[in-house]
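Listed below, chain by chain, are the residues.
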Amino acid sequence: MGFPLSFREHHRNCAQEAGGTPTGIPVNIHSMESRFPKLRFTSQTFVVAGWLLMLILLVLEWLAGRASALAAVVVSPRITLVVFADHPISEPQWTTLATTLRVSFDNLAVETHFSAGGFEVVRGDSLAPGAQFEEVISIYVHGDCRLASQPGNYGVHGALGWVLRDQGQIRPFIHVDCARIAAVLGQRVLGLDKSSRDEVMAEAISRVILHEWLHIATQSPEHARQGIAKRVFEFNDLVPDYWKMIAPVGHGR
C-alpha cells in the first residue's frame, strides 16, 4: 500500500518574445590627409606600454579572484530548519529528531551536490524574539509524534507530507502528518522499547521532510520512480535502515 505526498493547487505560466532583424546603412569612406603631426614611437615607449599592460592584467586577475570568492559565499547560505509542533514533544524525542534531521540533510546535500553552508535544526517554541537566520525552512508537525505499537491492519488515507505552491513558486513551508506516519509504522514496531521507537519515528519524519525539501530546493513538483523523490512511500521508504536500527536491540535479548 502506498501513501502519496501531495501538493496543493498550482498555476503555470510561461512567456517568451523574439527579437527583430537588424538593418544596415551603406557608408562611403573618403581618403583624407591628416592635419595632425605623425606620432613617433621608440623602443622605450613599447617597454613602458608592456609593463603597464602586465600590471593591468594582474589587477584584473586579482579582482576576478575576489569576485569568485564573494560569489561562493553568496550562493552557499546556512539553512535553518525551524520545527513547530501542535503536540508536545519530549526532550529525549526532540534530541533524537533534531540529530536525525541534521544528519539526513547533510547526507542528502552531499548525494545531490546541493551547495549549502550547512544545516541547523531549531525548536520553534524556543525561538528568541527577533532571531534572524540566513535562510529558513519552516516545518509544521501535525498530530502526536509518539510511536506506539499498533497490532492489526490499519489503512492510512491522505498525504504523509506536503508543501504549498503560490503562483507557481513552491514556498519554504513543509507540513508533516505524524498520526498518518505512526499508523504506517505501528504494525512493525511490536516489542521495541521507547528509545528504539523514537529513533524509528524520527527517521520516518526525516524522510518525509527530505522529500518535501527536494521540491523546495529544485522548485519542481516532479517525482522519481525510486528513492527519496518517489511519489508513494511505503514502510521501507520511511525506514530504509530499519533492520540495522533494531539490530542492537535484538542482539541484546
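Residues numbered from 1 in each chain as written. Predicted model: local features only at pLDDT ≥ 70, side-chain atom pairs only at ≥ 80, totals over all residues. Heavy atoms only, no water.

Enquirer: Which parts of the structure should I look at to understand the overall build of the protein?
Expert: Counting its secondary structure elements, the protein contains 6 helices and 7 strands. Along the protein, helices and strands appear, N-terminal first, in the series β-α-β-α-β-β-β-β-α-α-β-α-α. Split into buried and exposed, the 253 residues of the protein put 33% on the buried side. Sequence separation of 24 or more characterises 79% of the internal contacts of the protein that already satisfy a separation of 6 or more. Here the protein displays about 17,000 Å² of accessible surface, and carbon together with sulfur accounts for 57% of that area. (Helix = DSSP H or I, 4+ residues; strand = E, 2+ residues; numbered from the N terminus. Buried < 20%, exposed > 50% of the residue type's maximum accessible area, 1.4 Å probe, protein only. Contact = heavy atoms within 4.5 Å. Areas by Shrake-Rupley, 256 points an atom, 1.4 Å probe, with all protein chains shown as cover.)

Enquirer: What's the story with the confidence of the model for the protein in this structure? I'm lost.
Expert: Of all residues in the protein, 72% have pLDDT values of 70 or greater, and the mean over the chain is 78. Put simply, strand 1 (residues 3-4) is where the protein has its lowest mean pLDDT, 52, and strand 6 (residues 169-177) is where it has its highest, 97. Confidence drops under pLDDT 50 across residues 6-36; counting only partners more than four residues distant or on other chains, this segment forms 17 contacts. (pLDDT = per-residue confidence, 0-100.)

Enquirer: Can you help me understand the packing of helix 3 (residues 178-185) against helix 4 (residues 194-218) in this one?
Expert: For any two helices packed against each other, the geometry is given by the interaxial angle and the distance between the axes. Look at helix 3 against helix 4: their axes get within 10 Å of each other, and the N-to-C directions meet at 125 degrees. Considered as vectors, helix 3 and helix 4 are oriented oblique to each other. In this structure, helix 3 crosses over helix 4, and the sense of that crossing is right-handed. Contacts between helix 3 and helix 4 involve Cys178, Ile181, Ala182 and Leu185 from the first element and Val200, Met201, Ala204, Ile205 and Val208 from the second. The residue inventory of the contact of helix 3 with helix 4, partitioned by class, reads 9 nonpolar, no polar and no charged. (Axes fitted to C-alpha atoms, helices over the stretch in contact; angles between N-to-C directions. Parallel < 35°, antiparallel > 145°, perpendicular 65-115°, else oblique. Left-handed = near helix turned anticlockwise from the far one by under 90°. Nonpolar A, V, L, I, M, F, W, Y, C, P; charged D, E, K, R; others polar.)

Enquirer: Sorry if this is basic, but what is going on with the sheet that holds strand 3 (residues 119-123) here?
Expert: Pairing between sheet strands relies on hydrogen bonds along the backbone, with the strands arranged either parallel or antiparallel. Spatial strand order, 3-2-4-6-5: 5 strands in an open sheet with mixed pairing. Strands with a single pairing partner mark the edges of an open sheet, and in this sheet they are strand 3 and strand 5 (161-166). Each strand axis lies, on average, 25 degrees off the axis of its neighbour in the sheet, ignoring direction. Here strand 4 (residues 135-142) runs beside strand 6; their pairing, made up of 5 bridges, is parallel. In the sheet register, Ser138 faces strand 6, and the bridge partner there is Phe173. The strands touched by helix 4 are strand 2 (79-85), strand 3, strand 4, strand 5 and strand 6; relative to strand 6, the strand with the most contacts, the crossing angle is about 170 degrees. (Pairing = 2+ DSSP bridges.)

Enquirer: Where do I start with unusual backbone geometry in this structure?
Expert: Glycine aside, residues mostly have negative phi angles, and peptide bonds mostly take the trans form. You will see that Gln167, though not glycine, has its phi angle at about 55 degrees, which is positive. Mapped onto the elements, Gln167 comes out in the loop between strand 5 and strand 6. Non-glycine residue Gln219 carries a positive phi angle of around 55 degrees. The class for Gln219 is partly exposed, based on a relative accessible area of 36%.

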